[in-house]
Structure formats: C-alpha cells, structure tokens
Amino acid sequence: MEESVMESVRSAVFKKSENLDGSCIKIEGYDFNRGVNYSELLSSMVSTGFQASNLGDAIEVVNQMLEWRLPPMEDGGEEEERESVRCKVFLGFTSNLISSGVRETVRYLLQHHMVDVVVTTAGGVEEDLIKCLASTYKGDFSLPGAQLRSKGLNRIGNLLVPNDNYCKFEDWIIPIFDQMLEEQVAKNVLWTPSKVIARLGKQINDESSYLYWAYKNNIPVFCPGITDGSLGDMLYFHSFRNPGLVIDIVQDIRAMNGEAIHASPRKTGLIILGGGLPKHHICNANMMRNGADYAVFINTAQEFDGSDSGARPDEAVSWGKIRGSAKTVKVHCDATIAFPLLVAETFAAREKISAETKS
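Residues numbered from 1 in each chain as written. Predicted model: local features only at pLDDT ≥ 70, side-chain atom pairs only at ≥ 80, totals over all residues. Heavy atoms only, no water.

Overview of the pattern of salt bridges
Pairs may arise between side chains of opposite charge once their charged atoms sit close together. One pass over the full model with this rule turns up 11 salt bridges. For the salt bridge of R266 with D116, the shortest nitrogen-to-oxygen distance reads 3.6 Å. With a gap of 150 residues between them, R266 in the loop between α13 (249-261) and β7 (268-273) and D116 in the loop between α6 (102-111) and β2 (117-120) connect regions that are remote in the sequence. The residue R323 makes a salt bridge to D293 at a minimum N-O spacing of 3.7 Å. One end of the pair, R323, is in strand β9 (residues 322-332); the other, D293, is in strand β8 (residues 292-299), and 30 residues separate them in sequence. The exposure class assigned to D293 is buried, which follows from its relative accessible area of 11%. (Salt bridge = Lys/Arg side-chain N within 4 Å of Asp/Glu carboxyl O. Helix = DSSP H or I, 4+ residues; strand = E, 2+ residues; numbered from the N terminus. Buried < 20%, exposed > 50% of the residue type's maximum accessible area, 1.4 Å probe, protein only.)

Structure below.
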C-alpha cells in the first residue's frame, strides 16, 4: 500500500517534461567576464527573461520593421524601385517624455528622417518648444507641492519646470498666432493642428528641437488634443486679445487616417511610448487599413481597469487596429529606460553600419 502511494507521489512530483531544446531560447544572461560590450549586453536581453526579454523582443520587432522591403517580383522587374519601398513607421509618445531627456532621442529620429508620422499630446509639442527658450531641471518625486507652488516651480515627476518658462513661451508664441490669423484672413489659410505645429517648428529655428526637424524633413506631427496644455492656454488668451483664429481638427483626422490608408503597398509599424491619446490615435488610424503589421508598446500601464493605455497589442487585434499576423510586443517598463536602449540597437546601430559602409 505504501509503495503504491509513494509511486503516485513520485509520478506527481517527477512528471516527465516536454523537450524544449531547439524550440525555445535558453535563459542566459550577459557574462561580464567577456568585458563590457554594450551591444552584446543589449543583445543578451532577449535571453535574460522577464521584461529584459520583452525589450529584446521589441528590438527584434523594430529591426524587422526597418529591414522590410517590398518583395521582388517573379519576373525581376522594377527591383531597385521595390527595394526602396520600406515600412511606414508611426511614432507616438506622451508629453512627459519630451519633458525628459527622451526628447533628444526623438529629435535624433526626426533629424535623420527615421520615422514617417508622429502623434503626440499638446505637452509633447509645447515642451519641445519651451526647452528651446528655457531649461527643465532635475528635482525629486517627493518635493512638497505647496512649497514648490510658493516658489513658482512646476513638478513633472522628478523634473522641475520654472513657471517663468511658460511666460517666455507666451511672449514667443502670441506674435506667431497673430501672424497666423493675418494669413487666415488675407490668404484664406485653413489652419489645422499639424499645420500649426509645422509653423511652430519653422519659427523656433533651433536644431535641438524635434519639431524643427519634423518641419525640415516634412514629417507630419499630429496632435488632436492640441488645446489640452499650455498651447491651449495660449490659444485661450489669444482668443480674447485678438479673436478669430480657427484651427480645423477635421482636416487633420482625414490627413492622419490617410497616412495609414494610403501606406499600401507598404507595411506599417507602430512604436508607441506611453498610452492615452497618441496610442489610440495611431492604432485607430491603422484600423482603416485593417491593421498594422508591426507594433511595439512601451508603458507601465496595466490592462485590468479596461484602459486603452494598459491594453496589450492583442486587444487592438480584436478591433482590427493591428493584424492578427502582426509581430507585436509590449514592454512593461518606463520608456525613459527602455526607449533609448531600443533606439541604440535599432535605428542608431543601423545608421552607424550605413555610415561605415559609405566611408
């Protein structure tokens, strides 16, 4: 009787395993005995486990986006032209990332025309411009709000933005709104959020600005919530000082959806940092073409409250915003950590190889 019980116990404890060799990646981290090689360290992420593996997967998905070309025709015709047809990359991010040093990573991508369409919030526009006029500083998450308010300091996480920065922003932008209103009246210009943003990128004329490079490289920057921030405050004040400026959001939704609809025969890839409006706006536009082909989400939001911000890519598949066959991954990580590392092993690494090949 006891032998029968022990055999049952042994059967339960030592259940025979399926062989995973060859079908799964072996978990193994970077060996620092090999020295410090940052590229190899990042390459090892995929086999490290947990969110390091998700970051490694994201690097692979982005590289697949960048490597994709229109397949050659059977008869070999127009091969050079088809080789030039690349994946259309949509980049979305929330305003806090432009308040942070991720702004410089975004600027690098637009400076070198590495993405095709940008979607952000009002803060993602104004913070870029304000940083050309005055600095943002490192503070602390625990600084008391009342004390900061008495000093005219605004806190964004552990960043500090002096309120004087917004005064400088008002002095800079109100005359531009005056010019835009004059053009609206005299030349019948129909302003949209993306046209306003392009004008601001032109006017700032500062190479540290990602909006400047978006203007220079003719990369559209969409912001359907353009009034939800300091930009909205300035438009509000301007409407009393010099009323009449109209910004048409309908023309921009046509333009944004058109970016996805008319991408064919190109594939589309989504890189979305954070959640909220940019995430949904990009995904929804890609629904118009029956879904994107690649998607990388980087954020810390959870799906359990039903928020779109926390939703994994598979939820977007159910809506037709991402294709069922798409290569997707969500990295549960602060984008200020994950995104620069991802860019280092994708866009920047490929640019370095390209430059070395040319030289």
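What follows picks up the thread again.
Considering unusual backbone geometry
For the bond from S264 to P265, the omega torsion is 10 degrees, close enough to zero to count as cis. Counting through the fold element by element, P265 comes out in the loop between α13 and β7. We note that F50 has phi near 55 degrees; this positive angle belongs to a residue other than glycine. In this structure, F50 sits in helix α3 (residues 50-67). The exposure class assigned to F50 is exposed, which follows from its relative accessible area of 78%. A positive phi angle, near 70 degrees, is found at N290, a position not held by glycine. Within the secondary structure, N290 is located in the loop between α14 (276-287) and β8.

A closer look at the nonpolar core
Counting 71 residues, the largest nonpolar core has L109, L110 and F339 as its most contacted members. Per-element accounting of this core gives the leading share, 9 residues, to helix α9 (residues 164-187). Those residues in contact with F339 that sit more than four places away from it in its chain are L91, V102, T105, V106, L109, I271, L273 and I298. Among the nonpolar cores identified, the runner-up in size contains 17 residues, and V117, M256, A260 and L270 belong to it. (Core = buried A, V, L, I, M, F, W, Y, C linked by side-chain atoms within 4.5 Å. Contact = heavy atoms within 4.5 Å.)

Comments concerning the sheet that holds strand β6 (residues 221-222)
What the 6 strands build is an open sheet, ordered β6-β2-β1-β7-β8-β9; its pairing is parallel. The strands lining the two open edges of the sheet, one partner per strand, are β6 and β9. Bridging between β2 and β6 involves 2 bridges; their strand directions are parallel. Each residue of the ladder has a partner; that of V119, found in β6, is F222. (Pairing = 2+ DSSP bridges.)

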